[in-house]
Protein chains: 2
Amino acid sequence: MARQSMREAIVDAAVAQFHAKGYNAAGVKDITDAAGVPKGSFYNHFDSKESLALVALDRYGAGLRTHELAEPGTPPLARLRAHFEFLREETADADFTRGCMFGNFGAEIGDHSETIRAGVRTSLGLWASLIAGALAEAQRAGDLRADLDTERTARFVLNAWEGTLIAARSGRSGEAFEDFFDTVFGTMLTPPPGTS
Amino acid sequence: MARQSMREAIVDAAVAQFHAKGYNAAGVKDITDAAGVPKGSFYNHFDSKESLALVALDRYGAGLRTHELAEPGTPPLARLRAHFEFLREETADADFTRGCMFGNFGAEIGDHSETIRAGVRTSLGLWASLIAGALAEAQRAGDLRADLDTERTARFVLNAWEGTLIAARSGRSGEAFEDFFDTVFGTMLTPPPGTS
């Protein structure tokens, strides 16, 4: 296997292993076995499991399709809903397991690794700013009440999403998603008063 | 050490170790060392680390003072706010580490232990029903808009809280708490229209 493709195989395997098992339970050997590369080759590519975890976080983030939050074509609130519906489907397809790697790493390992904590903070921050952009666009279009602070609301909605994933996993059901969609899109992100 | 006090020492140490380190990173030996008991004595009291984790979850839950959500004397929304303020202070005092053991176990280990998953689900469910009770009381008092589904809103608020803790930890700051309090108490749990 060429050097670059070996590195890619390790990263792909790391995303899957970290997402399914968590940081501590996914060992370097689990990852190299899943990648089909010798364990000894790991340190040719990464300094540590922690460095790999940071690359895996980025790779995982790319799969969340957050860029779609900024793509014109559909009204911004419909776009935001479609984004979370896509993520809900992924979780439902996984039988309500795995959750979000950002939240998982934040809960499990952020207190113990400054590197991973900073990675999670950056990842959540970028995601929240894309959500905030969609909310600001909805306000400009007159689709969203003007009194909401879009940055604050975006961070809150994203945090609510992370907690919703934990509840969906613990309940092994979609009830928490219903609570999220109904509350966020039915109660919070409403049109300005007097519009219909 | 008497048998019962040895068991209590193990449970107390388990709560602290699981909360600070997470499930996988807190080994049985870490727990018995912290409890000041021989490792060999562990299995006189518990079948497995998993069984101990379930007892630790209950013990942790008792420290959340959720019973105060149902105590009369202060208006229900003020009581709800005071409850989350108490929990926020605990997290701030721990330099924005540790989070909530329910959410931590749910994120880290719920997918891999049916016992712990069920324990987390039950714990979150009981907590949400106490929050729902406070919301229903606020509606009856005319302090909360009547169109909110109190059960659904309670579950959502609790899930938002769990995600807020992850964000506060990853940011090592109180910003996520400000987002939570401002959004929940300023935007979501508002009085019926036409009241002031």
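Basis of the calculations
Residues numbered from 1 in each chain as written. Chains lettered and ligands numbered in written order. Predicted model: local features only at pLDDT ≥ 70, side-chain atom pairs only at ≥ 80, totals over all residues. Heavy atoms only, no water. Least-squares fit on C-alpha atoms with pLDDT ≥ 70 in both. Contact = heavy atoms within 4.5 Å. Buried area = accessible area lost by both parts, 1.4 Å probe. Salt bridge = Lys/Arg side-chain N within 4 Å of Asp/Glu carboxyl O. Polar contact = N/O pair within 3.5 Å; in protein donor to acceptor, adjacent residues only side chain to side chain. Helix = DSSP H or I, 4+ residues; strand = E, 2+ residues; numbered from the N terminus. Nonpolar A, V, L, I, M, F, W, Y, C, P; charged D, E, K, R; others polar. Domains from an automatic or database assignment. Buried < 20%, exposed > 50% of the residue type's maximum accessible area, 1.4 Å probe, protein only. Core = buried A, V, L, I, M, F, W, Y, C linked by side-chain atoms within 4.5 Å. Expected span 1.5 Å × (residues − 1). UniProt positions renumbered as here; feature names shortened; annotations may be inferred. Axes fitted to C-alpha atoms, helices over the stretch in contact; angles between N-to-C directions. Left-handed = near helix turned anticlockwise from the far one by under 90°. Disulfide = S-S within 2.5 Å.

Per an unreviewed UniProt entry, chain A is named Transcriptional regulator, TetR family, and its organism is Actinacidiphila glaucinigra.

For the pair chain A and chain B, the best superposition has an RMSD of 0.0 Å and corresponds to a rotation of 180° with a translation of 0.0 Å parallel to the axis. The symmetry that links the two subunits is that of a two-fold axis. When the interface residues of chain A are mapped onto chain B, 100% of them again lie at the interface, so the same face is used by both copies.

Right, let's get into the interface of chain A and chain B. At the junction of the two partners, chain A supplies 46 residues and chain B supplies 46 residues. Regarding the contact of chain A and chain B, the summed buried area is about 3800 Å², with carbon and sulfur atoms giving 54% of it. Ranking the residues of chain A by area buried against chain B places Asp 111, Arg 152 and Phe 156 of chain A at the top, with a combined share of 17%. With its nearest N and O atoms 3.6 Å apart, the salt bridge here joins Asp 182 of chain B to Arg 152 of chain A. Taken together, the connections running from chain A to chain B amount to 16 residue pairs in polar contact (both at pLDDT 80 or more). Elements with a minimum of two residues in the side of chain A that touches chain B: helix 1 (3–21), helix 6 (101–108), helix 7 (114–140), helix 8 (150–171) and helix 9 (175–188) of chain A. Element by element, the count of residues in the side of chain A that touches chain B is highest for helix 8 of chain A, at 13 residues. Among the residues forming the side of chain A that touches chain B, the class breakdown is 15 nonpolar, 14 polar and 17 charged.

Let's shift gears to the domain arrangement of chain A. Residue and element names in this part refer to chain A. For chain A, the assigned domains read domain 1 (3–59) and domain 2 (65–188). Opposite the 12 residues of domain 1 that make contact, domain 2 presents 14 residues. Approximately 1200 Å² of surface area, both sides summed, lies buried where domain 1 meets domain 2, with 69% of it carried by carbon and sulfur atoms. On the surface where domain 1 and domain 2 come into contact, there are zero salt bridges. At the boundary of domain 1 with domain 2, the tally comes to four residue pairs in polar contact (both at pLDDT 80 or more).

This part is about the environment of Pro 72 of chain A. All names here are of chain A. By secondary structure assignment, the location of Pro 72 is in the loop between helix 4 (49–62) and helix 5 (76–93). Using a relative accessible area of 74% as the deciding quantity, one classes Pro 72 as exposed. Sequence spacing of Pro 72 and Ala 134 is 62 residues, and the spatial spacing of their C-alpha atoms is 9.8 Å.

Ranked by internal contacts, the top residues of the largest apolar core, which has 124 residues, are Phe 18 and Trp 127 of chain A together with Phe 18 and Trp 127 of chain B. Residue contacts for Trp 127 of chain B: discarding those within four places in its chain leaves Leu 64, Thr 66, Leu 69, His 83, Leu 87, Cys 100, Phe 102, Leu 158, Trp 161 and Glu 162 of chain B.

What follows is about helix 1 of chain A. Residues and elements named next belong to chain A. In this model helix 1 runs 26 Å from its N-terminal to its C-terminal C-alpha over 19 residues, within 8% of the 27 Å that 1.5 Å per residue would give. Buried within helix 1 we find Met 6, Ala 9, Ile 10, Val 11, Ala 13, Ala 14, Val 15, Gln 17, Phe 18 and His 19. As for helix 1, its buried residues are in contact with helix 2 (28–35), helix 3 (42–45), helix 4 and helix 6. Looking at the residues trailing helix 1, positive phi occurs at Gly 22, about 95°.

Here the UniProt-annotated "DNA-binding region" (unreviewed entry) positions come out as residues 27–46 of chain A. Helix makes up 60% of residues 27–46 of chain A and strand 0%, whereas the separation of the span's terminal C-alpha atoms amounts to 14 Å.

The UniProt entry lists residues 4–64 of chain A under the feature "domain: HTH tetR-type" (unreviewed entry), expressed in the numbering used here. Counted over residues 4–64 of chain A, helix gives 72% and strand 0%. Its end C-alpha atoms are 24 Å apart.

Right, let's get into unusual backbone geometry. In most cases, non-glycine residues show a negative phi, while peptide bonds are predominantly trans. Residue and element names in this part refer to chain A. Positive phi values are uncommon outside glycine, yet Phe 96 reaches one of about 60°. Mapped onto the fold, Phe 96 is located in the loop between helix 5 and helix 6. A relative accessible area of 15% places Phe 96 in the buried class. You will see that Arg 98, though not glycine, has its phi angle at about 75°, which is positive. Tracing the backbone through its elements, the reader meets Arg 98 in the loop between helix 5 and helix 6. Overall, Arg 98 belongs to the partly exposed group, its relative accessible area being 32%.

For the rest of this paragraph, the subject is the side chain of His 19 of chain B. Residues and elements named next belong to chain B. By the element assignment, His 19 lies in helix 1 (residues 3–21). By relative accessible area, which is 10% here, His 19 ends up buried. Here Gly 99 takes part through its backbone oxygen, which lies 2.6 Å from a polar atom of the side chain of His 19. With residues near it in sequence (within four places) discarded, His 19 still touches Ala 14, Tyr 60, Arg 98, Gly 99, Cys 100, Met 101 and Asn 104.

This part covers the packing of helix 6 of chain A against helix 7 of chain A. Residues and elements named next belong to chain A. At a minimum axis distance of 9 Å, the contact between helix 6 and helix 7 shows a crossing angle of 145°. Judged by the twist between their axes, the crossing of helix 6 over helix 7 is left-handed. Residues Phe 102, Phe 105 and Gly 106 of helix 6 touch helix 7, and the partners they reach there are Ile 116, Val 120, Ser 123, Leu 124 and Trp 127. Tallied by class, the residues present in the contact of helix 6 with helix 7 amount to six nonpolar, two polar and no charged.

Attention now goes to the state of the cysteines. A full pass over the atoms with the stated rule returns zero disulfides over all chains. With no disulfide of its own, Cys 100 of chain B lies closest to Cys 100 of chain A among cysteine sulfurs, the gap being 18 Å.

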